[in-house]
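Fold and geometry: a report
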Amino acid sequence: MPQMTVDGRTLALSHLDKVYYPRTGTPKGEVLRYYAAVHTALLPHLRDRPVSFLRCPDGVAAEVFVAKNPPPGTPDWVRTVEVPSNSGELRQVVLEDGAGLLSVVNLGCLELHVPQWHAAAPGLADRLVLDLDPGAGADVLTCRTVAGLLRERLAADGLEAWVKTSGGKGLHLLVPLEPTPSARVSAYAKELAAELEAARPELVVHTMAKARRTGRVLVDWSQNSAKKTTAAPYTVRARERPTVSAPLSWAELDAAGSAAELVFTIAEVPERLAARGDPLGPLLDPARARPLPSAAPHRARPQSPPPSPPPGGRDPVVLTPPVEVMRPAAVTAVPPADGLGGAGVLYELKLDGFRCVAFARGPDRPPFLQSRSGRDLAAEFPPIAAAVARLPAGLVLDAELVAWRGGRFAFEELLRTRRDGPAEDVALGLVAFDLLALPGRDVRPLPLADRRRLLLAALAEVPPPVQPVLATTDRAEALTWMEQLADTGVEGLVCKAAGSAYRPRGAGRVWVKYRRGDTVDATVRAVTGPPARPRAVVLELDDGRVLLSSPPLSPLQSRQVAELAAGRLGAPVHDPQYGDVRPLTVPLRAEVTVTGRPPAALFVRLRGD
């Protein structure tokens, strides 16, 4: 059986000579080669979106049917997600790499269709689509005229449109949005289409009735519904010929002298892509997204309201402690920019401090600084609590509480500060790396790229000690930062999928941490020796192994363990492997170095919480 290696996976391919397009004699093998050639441009447009397929296992002249569930034979390693459905549980494929794409194409999935929302936030659209479909007597050049009118109208509302062919006779307009409920996007698009029909009734219709479409263009706004999908950029179409939904530049569209110049097939698109790049590339830049106008399209657009207080006098506090946090999985290498799902990675500096979720709750409620274990750290770090109290009520930050002394991050000063108060030469800081809530709005369902933009806006005028973490989407730049700042105590990098929602379940697939040294995290389950002077700790590694720290704890380490374990120790028990131990009723987290065979765990320090 023929094989193809893509993105490190070897795929077994079948029936490559089967003719998929009888009119042109195009076989299945050519379709697979096309998708292999364009997958690096195509996949970012599918990022974290559940894919519906038009399947043609015996070619376009045979049975053609829609498939939402993963097709039979889909490899186990292809990601699937649960998607809301009126008919019960529905799982759909999310394509993250070229191997996954070609595996489903090999199963007869010819067309790829996606919604305007991400799997992490169903029904929250981050783009608007308008499908221009010509009726009898009209063609793609008629659609071009309508596209130009819509482009101008959208620009009047501060929205920028990109264009592609439908792969049939029409055009698709795509507009990047700040995440907005699909119902609201659909209502806006409908009013926009109706407004254009009222202005140009000889050219445009916005309802489906075919009797009214002769010589006109249907502006189909309905694909903005959360239940609808649109043909993805670069997808092959199941028509008589192997045409492609091909991205265009506006200049190219304007220059076309005939409808034939705007038809592209699988034989032409790879060369176009190599020569011109992806005209829809800017559509993927989160900075291009704009808010949907809050007024109907034909009315003047008001200024955006301030984030606080929320309208209607509602309580701005929508999240209360404790909240479950996302925890990155440890990795041994920094992932590439197309890793973690293939839609971009945000690289953040990994700082040496206490994990802290900061809740600003307004003048009548004190701030809450949630530790890793859910405790309130506000009383132990008054300067940070005071800074959080000055933030807008309802703002919730996921952050690292750090101490700075002598030009470097000083973790030990956090331990000393919580016991004795800050020294004069120690500066405390709260470095925010994520935004969980704005006043009156839970933003956890939004993609990380959008939350990062909102975080920077929320903290733009906020002075130290609260500040955003240094982050970049450039892997090389992140590695340079890590090396240049090593002497300041920067531990490494936390790498996060740009499209990831804030969902603790499965966080390790989309958030990972790389530490420059050779330490790993572990859970302290028990101590040995006297409670006031522990000799060793029983450690459970994240992979499930249980080890006793060796060699014995140093006096400083023993004192640190005794202080933080006080009040958490249970009655002593005899363990057949470790002797007399005192289990912790509430576990602690530690940094350890694991070496040798059999493995030995060298205790480095407690994480402090």
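Up top is the structure these notes are about.
The text that follows walks through the structure, step by step, so that each part is easy to find.

Conventions we followed
- Residues numbered from 1 in each chain as written.
- Predicted model: local features only at pLDDT ≥ 70, side-chain atom pairs only at ≥ 80, totals over all residues.
- Heavy atoms only, no water.
- Axes fitted to C-alpha atoms, helices over the stretch in contact; angles between N-to-C directions.
- Helix = DSSP H or I, 4+ residues; strand = E, 2+ residues; numbered from the N terminus.
- Parallel < 35°, antiparallel > 145°, perpendicular 65-115°, else oblique.
- Left-handed = near helix turned anticlockwise from the far one by under 90°.
- Contact = heavy atoms within 4.5 Å.
- Nonpolar A, V, L, I, M, F, W, Y, C, P; charged D, E, K, R; others polar.
- Buried < 20%, exposed > 50% of the residue type's maximum accessible area, 1.4 Å probe, protein only.
- Pairing = 2+ DSSP bridges.
- 1 Å grid on protein atoms, 1.4 Å probe; cavity = no way out; pocket = protein on both sides within 12 Å on 5 of 7 lines; lining within 4 Å.
- Points joined across faces, edges and corners; volume = space filled by probe spheres on them.
- Expected span 1.5 Å × (residues − 1).
- Polar contact = N/O pair within 3.5 Å; in protein donor to acceptor, adjacent residues only side chain to side chain.
- Phe/Tyr/Trp six-rings, centres within 6.5 Å; stacked < 30°, edge-to-face > 60°.
- Arc of directions from axis to C-beta.

1. Observations regarding the packing of helix H1 (residues 28–42) against helix H6 (residues 269–276)
For any two helices packed against each other, the geometry is given by the interaxial angle and the distance between the axes. Orientation of H1 relative to H6, taken along the N-to-C sense of each, is 30°, at an axis distance of 9 Å. What the angle tells us is that H1 and H6 run roughly parallel. Crossing of H1 against H6: the hand is left-handed. Seen from H1, the contacting residues are Tyr34, Ala37, Val38 and Ala41; seen from H6, they are Val269, Pro270 and Leu273. Along the lines of polarity and charge, the residues of the contact of H1 with H6 split into seven nonpolar, no polar and no charged.

2. Quick notes on the pairing of strand E30 (residues 536–541)
For E30, the tally of buried residues reaches five of six residues, placing the bulk of the element in the interior. Direction of pairing for strand E29 (residues 520–528) relative to E30: antiparallel, over a ladder of six bridges. Its bridge partner lying in E30, Thr523 is registered against Glu540. Pairing analysis gives three bridges linking E30 to strand E31 (residues 546–548), with the strands arranged antiparallel.

3. Overview of empty space enclosed by the protein
Applying the stated criterion across every chain, the model contains four cavities of 30 Å³ or more. Taken as a whole, the largest cavity encloses approximately 240 Å³ of empty space. Lining the largest cavity are 17 residues, with Arg47, Arg49, Asp126, Leu283 and Leu284 sitting closest to its centre. Secondary-structure elements contributing two or more residues to the lining of the largest cavity are strand E10 (124–134), strand E12 (171–181) and helix H9 (448–458). Among the residues forming the lining of the largest cavity, the class breakdown is nine nonpolar, two polar and six charged. If you add up the space inside the second largest cavity, you get close to 50 Å³.

4. Regarding helix H4 (residues 182–199)
Along its 18 residues, H4 runs 26 Å from first to last C-alpha, staying within 8% of the 26 Å computed at 1.5 Å per residue. Three or more residues of H4 are buried, namely Ser182, Val185, Ser186, Tyr188, Ala189, Leu192, Ala193, Leu196 and Glu197. Against E10, helix H3 (140–156), E12, strand E13 (204–205) and strand E14 (217–220) lie the buried residues of H4.

5. Overview of the side chain of Asp521
Structurally, Asp521 can be placed in strand E29. A residue is classified by how much of its surface remains accessible, and Asp521, at 12% relative accessible area, is buried. A distance of 2.3 Å separates a polar atom in the side chain of Asp521 from a polar atom in the side chain of Lys513. Within the local environment of Asp521, its side chain forms a polar contact with the side chain of Arg515, the two groups lying 3.4 Å apart. The contact partners of Asp521, leaving out residues within four places of it in the chain, are Lys513, Arg515, Asp542, Arg589, Ala590 and Glu591.

6. Observations concerning the packing of aromatic side chains
On inspection of all chains with the given rule, the structure shows six aromatic pairs. Measuring from ring centre to ring centre gives 5.5 Å for Phe354 and Phe411, while their planes differ by 80°; the resulting arrangement is edge-to-face. Placement of the pair is Phe354 in strand E19 (residues 354–359) and Phe411 in helix H8 (residues 411–420), with a sequence separation of 57 residues. Under the relative-accessibility criterion, Phe354 is labelled buried at 2%. On the accessibility criterion, Phe411 (2% relative accessible area) is buried.

7. Details of H6
When we look at burial in H6, the residues that qualify are Val269, Arg272 and Leu273. All buried residues of H6 fall inside an arc of 100° around its axis, so they share one side. When the buried face of H6 is taken as reference, the exposed residues oriented beyond 90 degrees from it are Glu271, Ala274 and Ala275. The secondary structure elements touched by the buried residues of H6 are H1, strand E16 (247–248) and helix H5 (250–255). Gly277 sits one or two residues past H6 and shows a positive phi near 75°.

8. Here's the deal with the packing of H3 against H4
The interhelical angle for the contact between H3 and H4, taken along N-to-C directions, is 120°, at an axis separation of 11 Å. Overall, the two elements H3 and H4 adopt an arrangement that is oblique. Considering the relative orientation of H3 and H4, their crossing is right-handed. Residues Val146, Leu149, Leu150, Arg153 and Leu154 of H3 touch H4, and the partners they reach there are Tyr188, Leu192, Glu195 and Leu196.

9. Some remarks on the sheet that holds strand E9 (residues 109–114)
One open sheet holds the four strands; their spatial order is E6-E5-E9-E15, and the pairing between them is antiparallel. At either end of the open sheet lies a strand with only one pairing partner, and these are strand E6 (65–67) and strand E15 (230–231). When strand E5 (residues 52–55) meets E9, the two strands line up antiparallel, connected through four bridges. What sits directly across from Arg55, in E9, is Cys109.

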